[in-house]
Every structure is written in structure tokens, then in C-alpha cells.
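Here is what each chain is made of, one letter per residue.
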Amino acid sequence: MTATATKAPVKSVLNESKQIERAALLIQMGARMQVLESETTLSYERLIRLYKEIAGKSPSKGQLPFSTDWFLTWQENIHSSLFLNIYEYLSKGVDLDSVELLTKAYRLYSEQVATAEIEPLLSFTRAWRLVKFVDAGMLTRTKCSQCSGQFVTELYENRHFTCGLCNPPARAGKSKSAGALMLH
């Protein structure tokens, strides 16, 4: 073995235990397999077994959503913006790793929508994807020119951006479904 060869990571029971604990938390929050694979070092087979044990079912199949468009539609944008503002606020005031920050922000988002008796539209996996889109520079937050709130927008939104709360679409807030945003 040469001096330049890289060593394989040392197996540690404690590290594996932390990874299992992290994966269990993510599963309980509704994370999909792609999130688990990205945020832990556990093998795919181990994650499948853990998922089945915790969730009582096999994980969902299929690709994660990859379009930024979902985050820009009316109600979804309000939910995404609420989550991202919580996430950004926590990231400035608390020293946490990325997964801990994401889980704490998502819990706070969930508590806020439950308190407002609004159906949560943002799943944990979508929240994770939103953070990835922001980190990749595909989405950002832009200040509303009327209410000064920060809302999820495309990167090059104009300076005179008006949010969906200040200028809702024509049919916005007309839904009779329980848990939908209602405008008065």
C-alpha cells in the first residue's frame, strides 16, 4: 500500500448507531429512500430493512420531483416560503448539521400550519428538495414589494416582485376543501 492510497473509513459501532438513529428520524418524518441514501452512510439494503421496520411497509418507488415549478405555484409557494424562512432563520442562530437543521425547521413548519388549521402541503422530502434547489442556486428568496415578506422565487425575479398573498390569483382562496388557505 502506498502512502498516497486512501484508507477505507474505520468501521465504528457508535458511528453506525448514529447513522441508524438519523435514518430512523428521517423515516419517521416521511423521508423517501433517495433522501435516506443521500443523508446517511448506511447501505441501501440496511435502509430498506430499517424503513420496513419503522414504517411497517416498503418505501415508495419512483423518482423524486425535480422541477422547481411546484414551489412557485400559489399555495405551495406560501408553504415553501414559510418553511424556507424558518430554515434560514435557524441556520443563522443555531449550530446544527444540515439534517438536524432540516428536521427542526420542518417540525416548526408543521407546528405552524397545524396551529393555523391549514393542511401541510410541503412534505419532508419536498422540503429537503427545496433546500437542495436553494443551495444549487436554482431558487432563492425575494422580498415582496408590498408586505416585505421573503418568498421562494426563481433566481432572477424582478425587484418589484409581489407575493401570492398580496396579489393572489383570481381563483385563490375559493376552495371549500378543509385545510386550504382561505382569503377574506
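See the structure shown above.
Draft legend 1. Examining the pairing of strand β2 (residues 150-154) more closely. Direction of pairing for strand β1 (residues 139-143) relative to β2: antiparallel, over a ladder of five bridges. Bridging from a neighbouring strand, R141 pairs with V152 of β2. Linkage of β1 to β2, two consecutive antiparallel strands, is achieved through a turn of six residues, within which S148 is found at a positive phi near 70°.

Draft legend 2. Representation of the side chain of T68 in the model. Within the secondary structure, T68 sits in the loop between α3 (44-55) and α4 (74-93). Filtering out sequence-adjacent residues up to four positions away, T68 remains in contact with F133, M138 and L139.

Draft legend 3. Here's a closer look at helix α6 (residues 124-135). If you check α6, its first and last C-alpha atoms are 17 Å apart, about what 12 residues at 1.5 Å a residue would give, namely 16 Å. When α6 is considered as a whole, its buried residues turn out to be F124, T125, A127, W128, R129, L130, V131 and F133. Contact partners of the buried residues in α6: α1 (13-28), α2 (33-39), α4, α5 (98-115), β1 and β2. Just downstream of α6 lies G137, where phi reads positive at about 75°.

Draft legend 4. Representation of α1 within the structure. In this model, α1 (16 residues) spans 22 Å end to end at C-alpha, consistent with the 22 Å of a helix rising 1.5 Å per residue. Burial in α1 covers these residues: Q19, A23, A24, L26 and I27. The arc enclosing the buried residues of α1, seen along the axis, measures out at 165°, which places them on a common side. What points out from α1, more than 90 degrees from its buried face, is the exposed set L14, E21 and Q28. The inward-facing, buried residues of α1 abut α2, α3, α5 and α6. Measuring from the side-chain oxygen of the N-cap residue of α1 to the backbone nitrogen of L14 gives 3.3 Å; that N-cap residue is S12. Just beyond α1, the residue with positive phi is G30, at close to 100°.

Draft legend 5. Broad picture of the environment of Q146. Considering the arrangement of structural elements, one finds Q146 in the loop between β1 and β2. When its relative accessible area of 53% is taken as the criterion, Q146 is described as exposed. C-alpha separation for the pair Q146 and L165, spaced 19 residues apart in sequence, amounts to 9.8 Å. Setting aside residues up to four positions removed in sequence, Q146 forms contacts with T162 and C166.

Draft legend 6. A look at the packing of α1 against α5. Relative to each other, α1 and α5 sit at 25°, their axes nearing to 11 Å. Relative to α5, the element α1 is oriented roughly parallel. α1 and α5 meet at a crossing whose hand is left-handed. Residues R22, L25 and L26 of α1 form the contact with α5, whose own contacting residues are V99, T103 and R107. A breakdown of the residues in the contact of α1 with α5 according to their chemical character gives three nonpolar, one polar and two charged.

Draft legend 7. Just the side chain of T142, in detail. Note on placement: T142 falls in strand β1. Note on T142: relative accessible area 12%, which makes it buried. Here the side chain of T142 touches T153 through a polar contact of 2.4 Å, side chain to side chain.

Draft legend 8. Region of interest: the nonpolar core. Grouped together as the largest cluster of nonpolar side chains are 36 residues, with contacts concentrated most on L36, F83, Y87, L102 and F124. Going through the elements one at a time, α1, α2, α3, α4, α5 and α6 are the ones with two or more residues in this core. Those residues in contact with L36, other than ones at most four positions away along the chain, are A23, L26, I27, A31, L47 and Y51.

Rules behind the numbers
Residues numbered from 1 in each chain as written. Predicted model: local features only at pLDDT ≥ 70, side-chain atom pairs only at ≥ 80, totals over all residues. Heavy atoms only, no water. Pairing = 2+ DSSP bridges. Helix = DSSP H or I, 4+ residues; strand = E, 2+ residues; numbered from the N terminus. Contact = heavy atoms within 4.5 Å. Expected span 1.5 Å × (residues − 1). Buried < 20%, exposed > 50% of the residue type's maximum accessible area, 1.4 Å probe, protein only. Arc of directions from axis to C-beta. Polar contact = N/O pair within 3.5 Å; in protein donor to acceptor, adjacent residues only side chain to side chain. Axes fitted to C-alpha atoms, helices over the stretch in contact; angles between N-to-C directions. Parallel < 35°, antiparallel > 145°, perpendicular 65-115°, else oblique. Left-handed = near helix turned anticlockwise from the far one by under 90°. Nonpolar A, V, L, I, M, F, W, Y, C, P; charged D, E, K, R; others polar. Core = buried A, V, L, I, M, F, W, Y, C linked by side-chain atoms within 4.5 Å.

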